[in-house]
Amino acid sequence: MGKDISVVPEVQFLEQVLEWIARGELRVPKFQRPFLWRPEQMLQLFDSMERGYPVGSLLIWETSMPLASLDSIGGRQIPPVPEGGKVAYVLDGHQRLSTLFGVLHRSADAPRSMKQEDWMWWVYRPLDRADHDGVRYRHWKSGEKVPSNYLPMRSVLRTLDFLEYARQLSDTYNREEADRLTNESERIAQRVKNYKVSVVRMQGGTLQQAVEVFSRINSSGQKMRPDQMVSALTYGTTGPETLSDKMEEIQERIAASGFGEIPIMTIFQIVLALSGEEDVQNTSWEAMARKVQGQLMDAVEKTDRTLQEVVEFLRTEVQVPLARLVPYNIQIMLLAVFFHFSGQVAGEQRRKLRNWFWITSLAGTFAGANTTQVRKFIEEMKAFAAGASELSYSGERARAFPERFDLRSARVRSYLLWDLQTFPERKNPDGSSINVADQLAKAHRETYRHIITQSRVRGASSPANRIVMATPPGMSIRQALIKLAEEDRTDILDSHGVSLASVERLKADDYADFIAVRQHEVASWEKQFIESLGILPSEQEFGEADIDTE
């Protein structure tokens, strides 16, 4: 049940708000995301303050409830929660406060280096107009000495440090120039000291209500992910690592293996499924928060181990090189269910699982799957893992060869997986080998280049109008293919599945006919593969590429 919340708006001097942070009385809860602002955003904030522009209000939550919070803000350690004292938590304004506290309360012995994590907190205000040329603030990245007329912003709230800077100006410049620069620096310091911010205090309410408020107003305009919400509702009960922390660890480990990132939401659904949850798509935060203290955190460890088996299976037996080429993320979740609930996996079971992957990919089985259907898929996979039933997808029919190259389509991703297996040893015109998986990992859709680049040519958007090949400067893919055919270098053409018959159309500048011929050839080869798996081919040769990936 919710509790009454009161909202108290007020205006505070910025210096006072930063002092609350320095005393540990104003803290950032851990469910906030890390500091993400770019260096130029930090400079813009100071520029806005000097101009007297509003920089947005701060929303803080005052509560007696103990809440896990960050022990450093803006790269500076802050003291622990004061014993018996009042504590408030920042719900909106984390990035702004971190910038201001990290810069204005920077200690004199803080690290200075060429690393962004160090230099970004050292902000200066050039006192000469010629030095800033319209941009009032600067980071100092160089290892060289900072110019004397650059006011260090860390000194403006510290009287002794500011006086020391004024003394240095007197030692460096003649009296008239030193007085002018000192007056300018005092003007800027007063701007900061006297800057007022709007603070909205939220008093009362529950943690769930506070998290809900945060999720609705966070600056990205996006709701918190369910795993982040569950983590926020269970801080203080899961130890130093939260549910989100652990899942991001898993995601990073898989990405580092070269397979790429599996979406966090997919990992979260696997955790739910392995904990015994049947509804992995539309479950309540509160129910999940209760499970964290029981099965859910254990399921994270199981997910870590099981996903390694899933990735190995996809790589070696289905030959999926990258997570981003998996047609449906639900396939990863269901494979995890299988490997978790099965015992010793026999070769025949693996073969059936491989066929299941291809059938569901080519047929679009999981497109737009609703909660009830997903629950049924999980039940079926558990039964198959236990040897109690088969995966009955024999009636599924493959969708037609896609007419449009769009990686948001599961059918196009299925085509690419077939293409990668069918033409594994491609070569460039100079005879060098092509590692398509590596290129896909870096460039994604740009890896497959157009042969015919004129968009108005009929069929120009077809996957058959794309291949992976590097050409010399000034030479198009079309020109390269014609040259290879003229030089009778059919081995290179064959490595891409480009026939001499289709290249003849290129020579005649009949681009639409080239695409039509190659489209028919590629679709026919793919159809043979589909039939070899025992999958019913589409009754139409070509069809729309539905955008149906999650």
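Summarised in this report is the structure supplied together with it. (Residues numbered from 1 in each chain as written. Predicted model: local features only at pLDDT ≥ 70, side-chain atom pairs only at ≥ 80, totals over all residues. Heavy atoms only, no water.)

**Let's talk about the overall build of the protein**
Next up, step 1: Along its length, the protein carries 21 helices and 14 strands.
Next up, step 2: A total of 550 residues make up the protein; the buried ones form 51% of that total.
Next up, step 3: Expressed as a percentage of contacts within the protein between residues at least 6 apart in sequence, the contacts between residues at least 24 apart total 71%.
Next up, step 4: A total of about 26,000 Å² of accessible surface is found on the protein, and carbon and sulfur atoms cover 47% of it. (Helix = DSSP H or I, 4+ residues; strand = E, 2+ residues; numbered from the N terminus. Buried < 20%, exposed > 50% of the residue type's maximum accessible area, 1.4 Å probe, protein only. Contact = heavy atoms within 4.5 Å. Areas by Shrake-Rupley, 256 points an atom, 1.4 Å probe, with all protein chains shown as cover.)

**A word on the sheet that holds strand E8 (residues 138-139)**
Next up, step 1: The sheet built from three strands is open, its strands ordered E8-E7-E9 with antiparallel pairing. Of all strands in the sheet, those with a lone pairing partner are E8 and strand E9 (150-152), marking the two edges. (Pairing = 2+ DSSP bridges.)

**Comments concerning the side chain of Glu-521**
Next up, step 1: Its place among the elements puts Glu-521 in helix H21 (residues 511-532).
Next up, step 2: Buried charge without a salt bridge: Glu-521, with Arg-518 as the nearest opposite-charge side chain at an N-O distance of 5.5 Å.
Next up, step 3: Discounting residues that sit within four places of it in the chain, Glu-521 has contacts with Ser-499, Ala-501 and Ser-502. (Lys, Arg positive; Asp, Glu negative; His and termini not counted. Salt bridge = Lys/Arg side-chain N within 4 Å of Asp/Glu carboxyl O.)

**Notes on the nonpolar core**
Next up, step 1: The biggest cluster of nonpolar side chains holds 81 residues, and the ones touching the most others in it are Leu-314, Met-333, Leu-353 and Trp-356.
Next up, step 2: One finds Phe-46, Met-120, Val-197 and Val-199 within the second-largest nonpolar core, a separate group that totals 44 residues. (Core = buried A, V, L, I, M, F, W, Y, C linked by side-chain atoms within 4.5 Å.)

**Things to note about the packing of aromatic side chains**
Next up, step 1: Scanning all chains against the criterion turns up 18 aromatic pairs.
Next up, step 2: With 6.5 Å between their ring centres and 45° between their planes, Trp-61 and Tyr-89 make a pair best called tilted. Placement of the pair is Trp-61 in strand E3 (residues 58-62) and Tyr-89 in strand E6 (residues 88-92), with a sequence separation of 28 residues.
Next up, step 3: Overall, Trp-61 belongs to the buried group, its relative accessible area being 0%.
Next up, step 4: Judged by relative accessible area, which is 3%, Tyr-89 ranks as buried.
Next up, step 5: Taking the centre distance of 5.1 Å and the plane angle of 80° together, the rings of Phe-338 and Phe-339 count as edge-to-face.
Next up, step 6: For Phe-338, a relative accessible area of 0% corresponds to the buried category. (Phe/Tyr/Trp six-rings, centres within 6.5 Å; stacked < 30°, edge-to-face > 60°.)

**Here's the deal with the pairing of strand E10 (residues 196-204)**
Next up, step 1: In this structure, strand E1 (residues 5-13) lies alongside E10, joined through nine bridges in antiparallel fashion. Of the residues in E10, the one forming a bridge with Gln-12 is Val-197.
Next up, step 2: Pairing analysis gives five bridges linking E3 to E10, with the strands arranged parallel. For Ile-60, the partnering residue across the bridge sits in E10 and is Arg-201.

**Notes on helix H20 (residues 500-507)**
Next up, step 1: By the burial criterion, the buried members of H20 are Ser-502, Val-503 and Leu-506. Mapping the buried residues of H20 onto a view down its axis gives an arc of 100°, with all of them on the same face.
Next up, step 2: Each element contacted by the buried residues of H20 is listed here: helix H18 (477-486) and H21.
Next up, step 3: Phi turns positive one or two residues past the end of H20, at Asp-509, with a value near 60°. (Arc of directions from axis to C-beta.)

**Concerning the environment of Phe-313**
Next up, step 1: Along the chain, the position of Phe-313 falls in helix H12 (residues 285-316).
Next up, step 2: Sequence-wise, Phe-313 and Leu-353 are 40 residues apart; in three dimensions their C-alpha atoms are separated by 9.6 Å.

**Some remarks on the environment of Met-475**
Next up, step 1: By secondary structure assignment, the location of Met-475 is in the loop between strand E13 (466-467) and H18.
Next up, step 2: Ignoring sequence-local partners within four residues, the contact set of Met-475 consists of Ala-480 and Lys-483.

**Examining the pattern of salt bridges**
Where charged atoms from two side chains of opposite charge approach closely, those side chains can pair.
Next up, step 1: Taken as a whole and judged by the stated rule, the model has 39 salt bridges.
Next up, step 2: Where Glu-544 meets Arg-404, a salt bridge forms, and the shortest distance between an N and an O atom there is 2.4 Å. Taken together, the residues span a long stretch of sequence, with Glu-544 in the segment after strand E14 (542-543) and Arg-404 in the loop between strand E11 (401-402) and helix H16 (410-422) at a distance of 140 residues.
Next up, step 3: Owing to a relative accessible area of 48%, Glu-544 belongs among the partly exposed residues under this scheme.
Next up, step 4: Measuring nitrogen to oxygen at the nearest pair gives 2.7 Å for the salt bridge that ties Arg-411 to Glu-526.

**So, unusual backbone geometry**
Next up, step 1: The backbone phi angle of Gln-319 is positive, close to 65°, even though this residue is not glycine.
Next up, step 2: Tracing the backbone through its elements, the reader meets Gln-319 in the loop between H12 and helix H13 (329-341).
Next up, step 3: What makes Gln-319 partly exposed here is its relative accessible area of 41%.

**A short note on the packing of H13 against helix H14 (residues 347-363)**
Next up, step 1: Following both chains from N to C, one finds H13 and H14 inclined at 165°, their axes separated by 12 Å at the closest point. By the angle between their axes, H13 is roughly antiparallel relative to H14. Of the two possible hands of crossing, H13 and H14 adopt the one that is right-handed. On H14, the residues that touch Gln-331, Leu-334, Leu-335, Phe-338 and Phe-339 of H13 are Gln-349, Arg-350, Leu-353, Trp-356, Phe-357, Thr-360 and Ser-361.
Next up, step 2: Considered class by class, the residues forming the contact of H13 with H14 number seven nonpolar, four polar and one charged. (Axes fitted to C-alpha atoms, helices over the stretch in contact; angles between N-to-C directions. Parallel < 35°, antiparallel > 145°, perpendicular 65-115°, else oblique. Left-handed = near helix turned anticlockwise from the far one by under 90°. Nonpolar A, V, L, I, M, F, W, Y, C, P; charged D, E, K, R; others polar.)

**Focus on the sheet that holds E6**
Working definition: the strands of a sheet are paired by backbone hydrogen bonds and lie parallel or antiparallel to each other.
Next up, step 1: Taken in spatial order, the five strands of this open sheet run E1-E10-E3-E6-E2, and their pairing is mixed. Single-partner strands in this sheet number two, and they are E1 and strand E2 (26-27).
Next up, step 2: The sheet strands contacting helix H3 (residues 94-104) are E2, E3 and E6, and the helix crosses E6 at an angle near 120°.

**Quick word on helix H6 (residues 159-172)**
Next up, step 1: Counted at 1.5 Å a residue, the expected span for H6 with its 14 residues is 20 Å, and the 20 Å between its end C-alpha atoms agrees.
Next up, step 2: Turning to H6, its buried residues number three or more, namely Phe-162, Tyr-165, Ala-166 and Leu-169. Buried residues in H6, looked at end-on, bunch into an arc of 100°, giving them a common side. In H6, those exposed residues whose orientation departs by more than 90 degrees from the buried face are Leu-160, Leu-163 and Asp-171.
Next up, step 3: Tucked into the core, H6 has its buried residues touching E9 and helix H7 (175-193). (Expected span 1.5 Å × (residues − 1).)

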